[in-house]
Number of protein chains: 2
Amino acid sequence: MSAAVEYARQNAGRFLDELKALIRIPSISTLPEHKQDVNAAAEWLAAELNRIGMENVEVIHTPGHPLVYADWLHAEGKPTCLCYGHYDVQPPDPLDEWKSPPFEPTERDGNLYARGAVDDKGQMYMHLKALESLFKANSGKLPLNVRVLLEGEEEVGGEQIARFIREESDRLKSDFALVSDTEMFAPGLPTLCVGLRGMIYTEIEARGARTDLHSGMYGGAAPNPFFALAQVIAQLKDTAGRILIPGFYDKVEKPSDDELSAWAKLPFDENHYRETEVGSTRLTGEPGYSVLERTWARPTLDVHGMPGGFIGAGAKTVIPAKAVAKVSMRLVPHMTPQEAFEQYKSYVESLTPDGIQLEVRLIHSGDPIVVGTDNPYIQAATVAMKEIWNKETVFVRGGGSIPIVGDFERHLKIPTVMMGFGLPDDNLHAPNEKFHIGNFHRGIESIIVFFEKAGAIAG
Amino acid sequence: MSAAVEYARQNAGRFLDELKALIRIPSISTLPEHKQDVNAAAEWLAAELNRIGMENVEVIHTPGHPLVYADWLHAEGKPTCLCYGHYDVQPPDPLDEWKSPPFEPTERDGNLYARGAVDDKGQMYMHLKALESLFKANSGKLPLNVRVLLEGEEEVGGEQIARFIREESDRLKSDFALVSDTEMFAPGLPTLCVGLRGMIYTEIEARGARTDLHSGMYGGAAPNPFFALAQVIAQLKDTAGRILIPGFYDKVEKPSDDELSAWAKLPFDENHYRETEVGSTRLTGEPGYSVLERTWARPTLDVHGMPGGFIGAGAKTVIPAKAVAKVSMRLVPHMTPQEAFEQYKSYVESLTPDGIQLEVRLIHSGDPIVVGTDNPYIQAATVAMKEIWNKETVFVRGGGSIPIVGDFERHLKIPTVMMGFGLPDDNLHAPNEKFHIGNFHRGIESIIVFFEKAGAIAG
């Protein structure tokens, strides 16, 4: 075992305590009233990066939430890794469904329960602790060059980091990126994610009457924006789940036969998945595709919320002047957000009901990604994980977007190793988010070994 | 001119000043912090009823806001009128859209601007001033027996008065009721409302997954409750606006040919209505019916809000575990809320999408109402209004419910004369609510003459 892994094992308890301290800062990027908390988390991380031995540590203030940057670039002739993570979290509501307070990290059954435990504070913090372990075990040196770039607005679109990468790509020159914001396919099964769906997140605003009207007096004459949105939404997918936007599937790339046959061998039980993860009476989605294909390799469309009108308890008989639907689509390789949005927008506009004006807005988007499994850094990661977990590493795709991975590819021209240690039942974005504590520690060890092996590749 | 009308004209200025004093009490029944104000308005009215000569004046405390009762029952052999009004008001927000403060009544262009000016403080107060005028002009006597019953929670559902009428119907024995909470069809056009739509207000709750899920990871497999609700709602009406619930129109009573031809003669300009009142690009509703038929005599269905999921700014990629649609239907004579709800519920349930569980709940309901235009009190009101306004009185219906009118019919077995003096642009429940001051004074005079003529009918 490497000395760095040994160090990580000896300091495991402290590492977890530090993570708890970070989690207690409620750095909710979506809520303006938590802006100071987001700042505080950035300052906390900058201090920690300094402490462990990183250089050029900087809290970069932006029009949005700050970025945190640090580097250590003294491994001559070695490759450079760009470590990315985000320290902002989703809002915790609905609060009453949490078994312990969302910002008071609580250990139960080998898990750490808290908002941000796994997404992404816990996973991001593994990078810092792997670096600390390597510094300590190697007299203040790392086996490769490292840049760390952390953001505080991943949950609100990541606009600032996207601009930073676009405008300051020279300053970020690296050979590959490491992102730990994905999950293992099953407990104990080392997993690398080599594909991600892209996405477009949109709003459809429907406007009818000039002001809110009373449904008693105007019902039967005034257009109802919610009814209009229901009509539009019901025509976006058929009842079986197939998206009806013309041309939407035209450029969808089918996974290779190798990939499909590998997926078929993964330990996946559809009934178990339905019962324990989803908990619905049936699964939905396009007929003719397996669940893994539907969630990894097929575009999908979801409605997230419909703001407007009256949402309190009881009855208010308003015909609202306007209503909004938040609708997103997941995209797969060879689709582009721009073309998908154009197809969607013109289709939605073609469905405009009488008396209603629709506005279709793009809130944010991300490109779909595929990384070749023969990439040397992916190979190094594969071997490193196998060493720590004593099992063959499996390659999967992710259904969600990590827009930053697209930015790395587009602006820095580098591939990303997506080495994540979340589990499928971690309740991301939901009450009772958790991180398996064993995965936190094995994750740190996996990253240490990965850095050691990646350092052996010609930079 | 009767001496009572003469008295009202001589005291017009004072009457208006008194109304302003009542309006300055911000008796907002929906807001707990205004509970004392609602009480203060009740006490103010009780004092005024005593002052003008009513007897047995009582502020009746209830688990909700108080009722105010008074009577004068010394007109032997004469009919008894039950005067109803409400002294509570809607919240004034959005405050920044008011041109003058909502609780500082302000005269502009012949109107009195304030929250409650017309709904219903101003209209209710006409009854009291008509009674005062009759007492003063007739040596402390009225031409008929009168009960006054005022409530302080009409804007929050009127639960206490409904219970009072149900449980103490003996104490309220009357021959007819007088309610001034409706409007004139056009300025200067004396109007009686002889029909009201009923309603059922419902919620449809759709449940999919057990907890909120991330649409990246589960999109394509987890059922989406908003999409399910959109599918259901889109099947409740066709694109032209016809309700698709089986049997829903079966018992709808068509207005008489007389009524229809009278409506056709009303001064109604559909384009003007669309542009100035609704402000939409087109009106909607069932084909083959005029706007007045659609809003007065046809059932309608509206969606008021869709709580659930993510409604904040920006993007949250949640597949919510559940979502709710608030849906109400307006009912017309010969429909019953119970049957309408049963038809609706079983139809909605039949539309349940795969993987979704639906629950359909009735929040509240009200019966539709029609009063015959040949009713002697309606006839007396018709003649009285014509005398004051020098125009033929028109009969209209109202699209909204006034649940108390149903309670009077059901529990007291009496018809209600709905003689209102609001105008279509009075901004009820909205900023800059107003009451035309001339209508306040002509309303008092109309009610005086109506009481005189109703007193001549055998009780």
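Residues numbered from 1 in each chain as written. Chains lettered and ligands numbered in written order. Predicted model: local features only at pLDDT ≥ 70, side-chain atom pairs only at ≥ 80, totals over all residues.

## What to know about the overall build of chain A
The secondary structure content of chain A amounts to 14 helices and 18 strands. Expected size for 459 residues packed as a compact globule is a radius of gyration near 23 Å; at 23 Å, chain A falls within 12% of this value. Judged by the C-alpha coordinates and their principal axes, chain A covers about 80 × 50 × 45 Å. A total of 459 residues make up chain A; the buried ones form 58% of that total. (Helix = DSSP H or I, 4+ residues; strand = E, 2+ residues; numbered from the N terminus. Rg over C-alpha atoms; globule rule 2.2 N^0.38 Å. Buried ≥ 20, exposed ≤ 12 C-beta atoms within 10 Å, placed from the backbone.)

## Some points on unusual backbone geometry
Look at the link from aspartate 119 of chain A to aspartate 120 of chain A: it is a cis peptide, with omega at 0 degrees. Mapped onto the secondary structure, aspartate 120 of chain A falls in the loop between strand E5 (111–113) and helix H4 (121–137). Here asparagine 56 of chain B, not a glycine, exhibits a phi torsion of approximately 50 degrees, which is positive. Structurally, asparagine 56 of chain B can be placed in strand E1 (residues 55–60). For asparagine 56 of chain B, a count of 12 C-beta atoms within 10 Å gives the class exposed. Phi angles above zero are rare outside glycine, and asparagine 432 of chain B is one such case at about 60 degrees.

## Points about the sheet that holds strand E9 (residues 198–207) of chain A
Residues and elements named next belong to chain A. Across the sheet, which stays open at both edges, the four strands sit in the order E11-E13-E9-E14 with antiparallel pairing between neighbours. At either end of the open sheet lies a strand with only one pairing partner, and these are strand E11 (300–305) and strand E14 (357–366). Geometrically, the sheet is characterised by an average inter-axis angle of 25 degrees between neighbouring strands, direction not taken into account. With 10 bridges connecting them, E9 and strand E13 (residues 322–331) associate as antiparallel partners. Within the sheet, the bridge partner assigned to methionine 199 lies in E13 and is arginine 330. Sheet contacts for helix H11 (residues 337–350): E9, E13 and E14; angle to E14, the most-contacted strand, approximately 165 degrees. (Pairing = 2+ DSSP bridges. Axes fitted to C-alpha atoms, helices over the stretch in contact; angles between N-to-C directions. Contact = placed C-beta atoms within 7 Å.)

## Concerning the pairing of strand E11 (residues 300–305) of chain B
Residue and element names in this part refer to chain B. Most of E11 is tucked away, with six of its six residues classed as buried. As paired elements, E11 and strand E13 (residues 322–331) share five bridges and run antiparallel to each other. Its bridge partner being in E13, valine 303 is matched across the sheet by valine 327.

## Thoughts on the sheet that holds strand E18 (residues 434–436) of chain A
Residues and elements named next belong to chain A. Strands sit in the order E4-E5-E18 across an open sheet of three strands; the sheet is antiparallel. If you trace the sheet from one side to the other, it starts and ends with strand E4 (106–108) and E18, each paired once. Across the sheet, the mean angle from the axis of one strand to that of its neighbour is 30 degrees, orientation sign disregarded. Sheet analysis places E4 next to E5, joined by three bridges and oriented antiparallel. Pairing of glutamate 107 across the sheet is with leucine 112, part of E5.

## Brief notes about the interface of chain A and chain B
On the side of chain B, 71 residues touch chain A, which itself brings 77 residues to the contact. Tallied by class, the residues present in the side of chain A that touches chain B amount to 30 nonpolar, 36 polar and 11 charged. (Nonpolar A, V, L, I, M, F, W, Y, C, P; charged D, E, K, R; others polar.)

## As for the pairing of strand E17 (residues 416–419) of chain B
Residues and elements named next belong to chain B. Judged by which residues are buried, E17 turns out to be covered on both faces: Thr416 and Met418 on one side and Val417 and Met419 on the other are all buried. Two elements, strand E7 (residues 176–179) and E17, share three bridges in a ladder whose sense is parallel. Opposite valine 179, over in E17, you have methionine 418 as the bridge partner. As judged from the two bridges shared by strand E8 (residues 191–196) and E17, these two strands associate in the antiparallel manner. Directly across from leucine 192, in E17, lies its bridge partner methionine 419.

## Some words on the relation of the copies chain A and chain B
Mapping chain A onto chain B calls for a screw motion: a turn of 180 degrees about the axis and a shift of 1.5 Å along it, with 1.5 Å RMSD after fitting. What the superposition gives is, in effect, a two-fold axis relating one chain to the other. The position closest to the rotation axis in chain A is occupied by the C-alpha of alanine 230 of chain A, lying 1.8 Å away. Taken together, the interface assignments show that 90% of the residues at the interface of chain A recur at the interface of chain B, consistent with an identical surface on both copies. (Least-squares fit on C-alpha atoms with pLDDT ≥ 70 in both.)

## Focus: the nonpolar core
Core analysis: the largest hydrophobic core is formed by 102 residues, its most contacted members being Cys81, Val148, Ala381, Ile448, Phe450 and Phe451 of chain A. Examining the composition of this core, we find that eight residues originate from one element, helix H14 (residues 437–454) of chain A, more than from any other. Residues contacting phenylalanine 450 of chain A, with those up to four places away along its chain left out, are Ala380, Ala381, Ala384 and Met419 of chain A. Within the second largest apolar cluster, 86 residues are counted, among which are Leu134, Ala384, Phe421 and Phe451 of chain B. (Core = buried A, V, L, I, M, F, W, Y, C linked by C-beta atoms within 7 Å.)

## Details of helix H5 (residues 159–167) of chain B
All names here are of chain B. For H5, every residue scored as buried is listed here: Gln160, Ile161, Phe164 and Ile165. One side of H5 carries all its buried residues, which in axial view fall inside an arc of 130 degrees. Exposed residues pointing more than 90 degrees away from the buried face of H5 are listed as Arg166 and Glu167. If you follow the buried residues of H5, they end up packed against strand E2 (67–72), strand E6 (145–151) and helix H13 (403–412). (Arc of directions from axis to C-beta.)

## Some remarks on the packing of helix H4 (residues 121–137) of chain B against helix H14 (residues 437–454) of chain B
Residue and element names in this part refer to chain B. At their nearest, the axes of H4 and H14 sit 8 Å apart, and the two run at 50 degrees to each other. On the basis of their axis angle, the class for H4 and H14 is oblique. The chirality of how H4 crosses H14 is right-handed. Of H14, the residues touching H4 (which contributes Gly122, Met126, His127, Lys129, Ala130, Ser133 and Leu134) are Phe440, Gly443, Ile444, Ile447, Ile448 and Phe451. A breakdown of the residues in the contact of H4 with H14 according to their chemical character gives eight nonpolar, four polar and one charged. (Parallel < 35°, antiparallel > 145°, perpendicular 65-115°, else oblique. Left-handed = near helix turned anticlockwise from the far one by under 90°.)

## Quick word on the domain arrangement of chain A
Residues and elements named next belong to chain A. Splitting chain A by domain gives domain 1 (3–196 + 368–454) and domain 2 (198–252 + 299–363). On a C-alpha basis, the centroid separation for the pair domain 1 and domain 2 is 35 Å. At the junction of the two partners, domain 1 supplies six residues and domain 2 supplies seven residues. Looking at the side of domain 1 that touches domain 2 residue by residue, the classes come out as two nonpolar, four polar and no charged. (Domains from an automatic or database assignment.)

## Quick notes on the environment of isoleucine 204 of chain A
All names here are of chain A. You can see isoleucine 204 is positioned in strand E9. As a C-alpha pair, isoleucine 204 and aspartate 37 span 167 residues in sequence and 32 Å in three-dimensional space. If we skip the residues at most four places from it in the chain, isoleucine 204 touches Leu229, Val232, Val324, Ala325, Val327, Val348, Leu358 and Val360.

## Here we look at the packing of helix H7 (residues 225–234) of chain A against helix H7 (residues 225–234) of chain B
When two helices pack together, their arrangement is captured by the angle between the axes and the distance separating the axes. Taken N-terminus to C-terminus, the directions of H7 of chain A and H7 of chain B make an angle of 110 degrees; their axes are 8 Å apart at the nearest point. Classified by the angle between their axes, H7 of chain A and H7 of chain B sit roughly perpendicular to one another. Residues Phe227, Ala230, Gln231, Ile233 and Ala234 of chain A of H7 of chain A form the contact with H7 of chain B, whose own contacting residues are Phe227, Ala230, Gln231, Ile233 and Ala234 of chain B. For the contact of H7 of chain A with H7 of chain B, the residue count by class is eight nonpolar, two polar and no charged.

## Here's the deal with helix H5 (residues 159–167) of chain A
Within H5 of chain A, the full set of buried residues consists of Gln160, Ile161, Ala162, Phe164 and Ile165 of chain A. Taken together, the buried residues of H5 of chain A touch strand E2 (67–72), strand E6 (145–151) and helix H13 (403–412) of chain A.

## Thoughts on the environment of proline 299 of chain A
All names here are of chain A. Its location among the elements puts proline 299 in the loop between helix H10 (291–296) and E11. Taking C-alpha positions, proline 299 is 29 Å from arginine 207, a pair spaced 92 residues apart along the chain. If we ignore the near neighbours within four places in the chain, the residues touching proline 299 are Ile243, Phe248, Tyr249, Val252, Met329, Arg330, Leu331, Val332 and Met335.

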